[in-house]
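Summary of structural features
The lines below spell out each chain.
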Amino acid sequence: MPVRLVVLASGSGTTLQAVLDAAAEADFPATVVAAGTDRPGCAAMKRAADAGVPTFSLALADFGSRAAWDDALFASITEFEPDLVVLAGFMRVIAGETVQRFPMVNTHPSLLPSFPGAHAISDALAHGVKVTGVTVHRVDAGLDSGPILAQVAVPVLDSDTEDSLRARIQNAERPLFISTIRQLCISIEESRE
Ligand code: GAR
């Protein structure tokens, strides 16, 4: 039985697309059973739907409280019985109860613990660092703070804009994220034996 992935995303979904493309390969040890978002209508959910993957959308504004949204996210994820939850540009911190219930992995566009949060690339540029990168890490209840699984360094050029640096980071990010997910899935498969 392939490992079951639920992927959460908030944006354009190029990272989600890399996961969908990997999962479409015959030898990939996982299948994407659902994709979810906090931003209804985002391009990421269209990519999932185009791949025939069920989606769920939970806008915080549609819930009476943050706790109600947390509960709805927990319920939506649980419905798909994932072995691993993959955060592919999901831009909200996930409640501790959910993080503790499901193994969860995130990718972040900096060398953590530098530049956590939603503006990692512009923060790195503003700080004037000459090297930044990508961190793939297990998720805890903090902001981009779980145990680090893999990192890759990416140079910052004097000529960089946010867009050019993002493109260089994301080119390094996709293979690192996919290879780390693959390893996690193999470990999950082995733990079943
Ligand atoms: C990715 O680069 C990911 O590292 C970042 O969002 C981007 C999503 O891009 N995540 C974070 O910043 C999490 N703190 P995409 O919408 O093109 O996949």
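One structure accompanies this document, and this report is about it. Predicted model only: the values in this text are computed from it and were never measured.

Conventions adopted
Residues numbered from 1 in each chain as written. Predicted model: local features only at pLDDT ≥ 70, side-chain atom pairs only at ≥ 80, totals over all residues. Heavy atoms only, no water. Helix = DSSP H or I, 4+ residues; strand = E, 2+ residues; numbered from the N terminus. Rg over C-alpha atoms; globule rule 2.2 N^0.38 Å. Near = heavy atom within 4 Å. Polar contact = N/O pair within 3.5 Å; in protein donor to acceptor, adjacent residues only side chain to side chain. Areas by Shrake-Rupley, 256 points an atom, 1.4 Å probe, with all protein chains shown as cover. Nonpolar A, V, L, I, M, F, W, Y, C, P; charged D, E, K, R; others polar. Buried < 20%, exposed > 50% of the residue type's maximum accessible area, 1.4 Å probe, protein only. Contact = heavy atoms within 4.5 Å. Axes fitted to C-alpha atoms, helices over the stretch in contact; angles between N-to-C directions. Parallel < 35°, antiparallel > 145°, perpendicular 65-115°, else oblique. Left-handed = near helix turned anticlockwise from the far one by under 90°. Phe/Tyr/Trp six-rings, centres within 6.5 Å; stacked < 30°, edge-to-face > 60°. Lys NZ or Arg CZ within 6 Å of the ring centre and 35° of its normal.

Further remarks concern the overall build of the protein. Helix and strand content of the protein: six helices and seven strands. Secondary structure elements in the protein, listed N-terminal to C-terminal, are β-α-β-α-β-α-β-α-β-α-β-β-α. Compactness check: the protein gives a C-alpha radius of gyration of 16 Å against a globular reference of 16 Å for 193 residues, within 12% of the reference. Across its three principal directions, the C-alpha atoms of the protein cover 45 × 45 × 30 Å.

What surrounds the ligand is a group of 14 residues, the closest being S12, G13, T14, T15 and E173. Note that a nitrogen atom of the ligand is positioned 3.0 Å from one of the side-chain N or O atoms of H108. About the coverage of the ligand: the protein hides 89% of its 440 Å² of free accessible area. The set of elements that each furnish at least two residues to the shell around the ligand consists of α1 (14–23), β5 (104–108) and α6 (162–192). Grouping the amino acids of the shell around the ligand by side-chain chemistry returns two nonpolar, 10 polar and two charged.

The subject of this paragraph is the environment of V53. Mapping V53 onto the fold places it in the loop between α2 (43–50) and β3 (55–57). When its relative accessible area of 10% is taken as the criterion, V53 is described as buried. Apart from residues lying up to four places away in sequence, V53 is in contact with L20, V32, V33, A34, A35 and A48.

Here we come to the environment of V154. Along the chain, V154 turns up in strand β7 (residues 148–155). Classification of V154 as buried rests on a relative accessible area of 2%. Remark: the alpha-carbon pair of V154 and G89, spanning 65 residues in sequence, is separated by 18 Å. Not counting residues within four places of it along the chain, the set of residues in contact with V154 comprises V131, T132, G133, R168, I169 and A172.

The next subject is the packing of α1 against α6. Where α1 contacts α6, the axes come no closer than 10 Å and their chain directions differ by 45°. If you check the angle between α1 and α6, you find them oblique. For the crossing formed where α1 meets α6, the hand is right-handed. Where α1 approaches α6, its residues T14, T15, A18, V19 and A22 are matched on the opposing element by Q170, E173, R174, F177, I178 and I181. Taken together, the residues of the contact of α1 with α6 sort by class into six nonpolar, three polar and two charged.

Turning our eyes to something else, we now look at the packing of aromatic side chains. For the coordinates displayed, the defined rule picks out three aromatic pairs. Here the aromatic rings of W69 and F90 are separated by 6.4 Å at their centres, their planes lie at 10°, and the arrangement is stacked. With W69 in helix α3 (residues 66–79) and F90 in the loop between β4 (84–87) and α4 (96–101), this pair connects stretches of sequence that are 21 residues apart. For the pair W69 and F90, a shared accessibility class is recorded, and that class is buried. Ring centres 5.9 Å apart and planes at 50° place the aromatic pair F74 and F102 in the tilted group. Of this pair, F74 sits in helix α3 while F102 sits in the loop between α4 and β5, and the two are 28 residues apart along the sequence. The exposure class assigned to F74 is partly exposed, which follows from its relative accessible area of 21%. Residue classification places F102 among the buried residues on the basis of a relative accessible area of 3%. The ring of W69 has R92 sitting right over it, with the charged end atom 5.9 Å from the ring centre.

This part covers the environment of L5. Relative to the assigned elements, L5 resides in strand β1 (residues 3–8). A residue is classified by how much of its surface remains accessible, and L5, at 0% relative accessible area, is buried. On a C-alpha basis, the gap between L5 and A95 in space is 19 Å, while along the polypeptide they are 90 residues apart. Those residues in contact with L5 that sit more than four places away from it in its chain are V19, A30, T31, V32, V33, A34, L84, V86, I181 and C185.

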